[in-house]
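Architecture and fold: a report
For reference, the chains in residue letters:
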Amino acid sequence: MSATKYIFVTGGVTSSLGKGIIAASLAKLLQARGYSVTIQKLDPYINIDPGTLNPYEHGECYVTDDGAETDLDLGHYERFLNRPTSQANNVTTGRIYQSVIDKERKGEFLGKTVQVIPHITDEIKYRIKLLGNTGEFELVITEIGGTVGDIEALPYIEAVRQLKWELGEDCMVIHLTLIPFLAATGELKTKPTQHSVKTLLESGLQPDILVCRTQMALSDEIKRKLALFCNVKKEAVIEARDAETIYAVPILMSKERLDEVVLKRLNLPYNNEPDLDNWKDFLYRLKYPKAEVSIGLVGKYVELKDSYKSIAEAFIHAGAANECKVNIRWIHSDRLESVNVEEDMKGLDGVLVAPGFGERGFEGKLEMVRYARENKVPFLGICLGMQAAVIEFARNVLKLEGANSTEINPETKHPVIALMNDQKSIVNKGGTMRLGACDCELKEGSKAYDVYHRKVISERHRHRYEFNNRYFQQFEENGMQMTGINPDSGLVEIVELLDHPWFVGVQFHPEYKSTVARPHPLFVHFIAAVLASAHNPN
Ligand code: GLN
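Now for a quick tour of the structure. Please read all numbers here as calculations on a predicted model, not as lab measurements. (Residues numbered from 1 in each chain as written. Predicted model: local features only at pLDDT ≥ 70, side-chain atom pairs only at ≥ 80, totals over all residues. Heavy atoms only, no water.)

Attention now goes to the nonpolar core. Soluble globular proteins tend to bury their nonpolar side chains together. Grouped together as the largest cluster of nonpolar side chains are 60 residues, with contacts concentrated most on Ile7, Leu30, Ile141, Ile174, Ile209, Val211 and Val262. Counting residues in each nonpolar core, the second largest holds 40 residues, with Val341, Met345, Met386 and Met482 among its members. (Core = buried A, V, L, I, M, F, W, Y, C linked by side-chain atoms within 4.5 Å. Buried < 20%, exposed > 50% of the residue type's maximum accessible area, 1.4 Å probe, protein only.)

A few words now on unusual backbone geometry. A cis amide bond links Ile117 to the next residue, Pro118, at an omega of 10 degrees. Along the chain, Pro118 turns up in helix α5 (residues 116-133). One non-glycine residue, Lys376, adopts positive backbone phi at about 60 degrees. A positive phi is found at Cys383, a non-glycine position, where the angle reads about 55 degrees. Residue position: Cys383 is located in the loop between β15 (379-382) and α16 (384-396). The buried category is assigned to Cys383, whose relative accessible area is 5%. (Helix = DSSP H or I, 4+ residues; strand = E, 2+ residues; numbered from the N terminus.)

Before going further, it helps to examine helix α7 (residues 191-202). With 12 residues, α7 extends 16 Å between its outermost C-alpha atoms, agreeing within 8% with the 16 Å of an ideal straight helix rising 1.5 Å per residue. For α7, the elements touching its buried residues are β1 (5-11), α6 (154-167), β7 (171-178), β10 (209-214) and α8 (220-230). Directly beyond the C-terminal end of α7, a positive phi value near 85 degrees is found at Gly204. (Expected span 1.5 Å × (residues − 1). Contact = heavy atoms within 4.5 Å.)

With that settled, the discussion passes to the environment of Val100. For Val100, the location among the structural elements is in helix α4 (residues 93-105). For the pair Val100 and Pro250, spaced 150 residues apart in the sequence, the C-alpha separation amounts to 38 Å. For Val100, the residues in contact, after removing those within four places along its chain, are Phe109, Val114, His119, Ile120 and Glu123.

Around the ligand, the structure places Pro355, Gly356, Phe357, Cys383, Leu384, Gln387, Glu407, Arg462, His463, Arg464, Tyr465 and His509. In the model, an oxygen atom of the ligand is placed 2.9 Å from a nitrogen or oxygen of the Gly356 main chain. Side-chain polar atom of Glu407 to a nitrogen atom of the ligand: 2.7 Å apart, as the coordinates give it. Look at the ligand: alone it shows 300 Å² of surface, and the protein chains cover 99% of it. Those elements that provide at least two residues to the shell around the ligand are α16 and β19 (456-463). Here the residues of the shell around the ligand are counted per class, giving five nonpolar, four polar and three charged. (Near = heavy atom within 4 Å. Polar contact = N/O pair within 3.5 Å; in protein donor to acceptor, adjacent residues only side chain to side chain. Areas by Shrake-Rupley, 256 points an atom, 1.4 Å probe, with all protein chains shown as cover. Nonpolar A, V, L, I, M, F, W, Y, C, P; charged D, E, K, R; others polar.)

See below:
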C-alpha cells in the first residue's frame, strides 16, 4: 500500500459546528468509495482522558474495545464507519504531556531542555502517525478539538504545520467554519471566516478546503469571495447546510462533492461513485416510519442529552430496523422520588434505566424499575440500570430489607451489588474501572440468547460494582435469571425476569456497539418487544 495520507479537520469562528460529524461523513464517503479510513480526535484539554469528567462538562464518556475512556465523537466515528476505534484514536494534551514528562524522568532526552517545540510537537506527530503506521489505513482523518485561536490548540496546529511541511502532498487541512446570516441586512457574512483563516495563517497553516456551515445556500458570489480571501479554489468552498439528522450529512457532503475535492487534492482516484445504497435505505426507514413508540429514559443527567448520546443513537438505529419512530422522554430520576411514577409513565411504552454513578436519584430509578416489573412494561437496564433492577427485586420480591449496592450504602445488610475484589485496593479514579470488551456466555433458551443467537458474545464495560454471587441462587429460585456470565470470572453480566414479556438488565454497555450498518440486537429486540406490547396494552 502506498503511504498513508493525512487529512486534518480544524474548526473556526465558534465551537459546536459539528467537526466530528463532518469528519465522520467524509470518512463514510471515502469508505463507500472503497478506501480504508479511520478517524482520530485530538483534544486540547489537560485531563488525561474524559473518564473523570462530569458528563455535564463534556457529555458522554465513550468506551472502546481496548478499554479507553474517550471523547463522544469516537462514538460517531464507529456508528458511521462500522469499525472499532481504540485508544490511539483519541489523544489529549494531558496524555501528551504525561508521556513527555515520563520520558524526561527516564532521562530519554539526554540532558536537553524539554520544550513545546520540538518535544511536545514531536509527541503529537508521533500519535498522529501511529494509526497510519499500522498499515491498515490509506487515509487518516484527524479532528482537532476546540476552535482555531484557542491557546490550548496551538501546539496541535504547530504539529500539523510541521507535518504538512514533511509530508507535502500527502497531507491536507479542512477548515470548518460558520457563515452567519445577519437578519438586519438580510445577508450571509464571510468576515468571521476570513478572520479565522487569517488566524490559521498566522500559525503557518493554509487550509485546502473550507466547509461552511450555513442556514441557507451560498451564492456563487459568496463562494468566489471566500475563495479569493482565503486562498482556496472555488470548488473547495463547500456548503454545509443544516441537516434534519446527522445521518443525512454524508449525503449532503456527497452532493457537494467534498470527497471528490479531497481525493483530487490528495492525487487519489475518484472515478467510482460512493456506494451509499445501504445508508440511503437506512435514511429512508428513518424518515418514513410505519409506527411510533415512546420510551422513558431515566437518568440523572437528562438535561444534557449528550450525556446519553450513544443510547439515543442506538434507539435511532433500532427504530429504523423496526421501521418505527422512537420518541425518548427524558425523565429525571431525582424527580421520581417526589412524584407519582404512574404520572410519568403515562403514554410510555417502554422504560430504559440509564448507566450512572452515585446516590443522587437512585431511589427514583428503583421506583421506575418496580413499575416496569409489576406492570409488565418492557424494560432495559444498562449498567447502573441493571444494578437497580437487581436491588429492586431484592427489596420487593426477595424481601431483603434495605438491599443495596455498597456504592450507595456501604453499610447495607444485603449488599446484592458490591465492589469487585480487584477494585478494593484501588485509590486512583482515572482509568481504573473494569473497562472495555469482555466475553460473556449466554444461557440457551433465555431472552439474551434469543437476542444474540450465539453462545459467546463480547461487550464493553465501564463499572466498579457487580452482582454479588452470594445471592445467585436466591434470585434464580425466585424468578430473576442470570442468563449471561463471564466465563473467566463468573461475574453476572445479564439478568432477566421469567414472568415478564421483556425485562432485561445488562452490566455492560450495548449502546457503544450500535452502528448504522449493525444496529445493536438488544436495542432492536427491545424496540420489537415495545412495539408488540404497545399494540397489545395490558
Ligand atoms: N456506578 C456503577 C458501577 O460503578 C455503574 C456504572 C455505570 O453505570 N457505568 O458499578
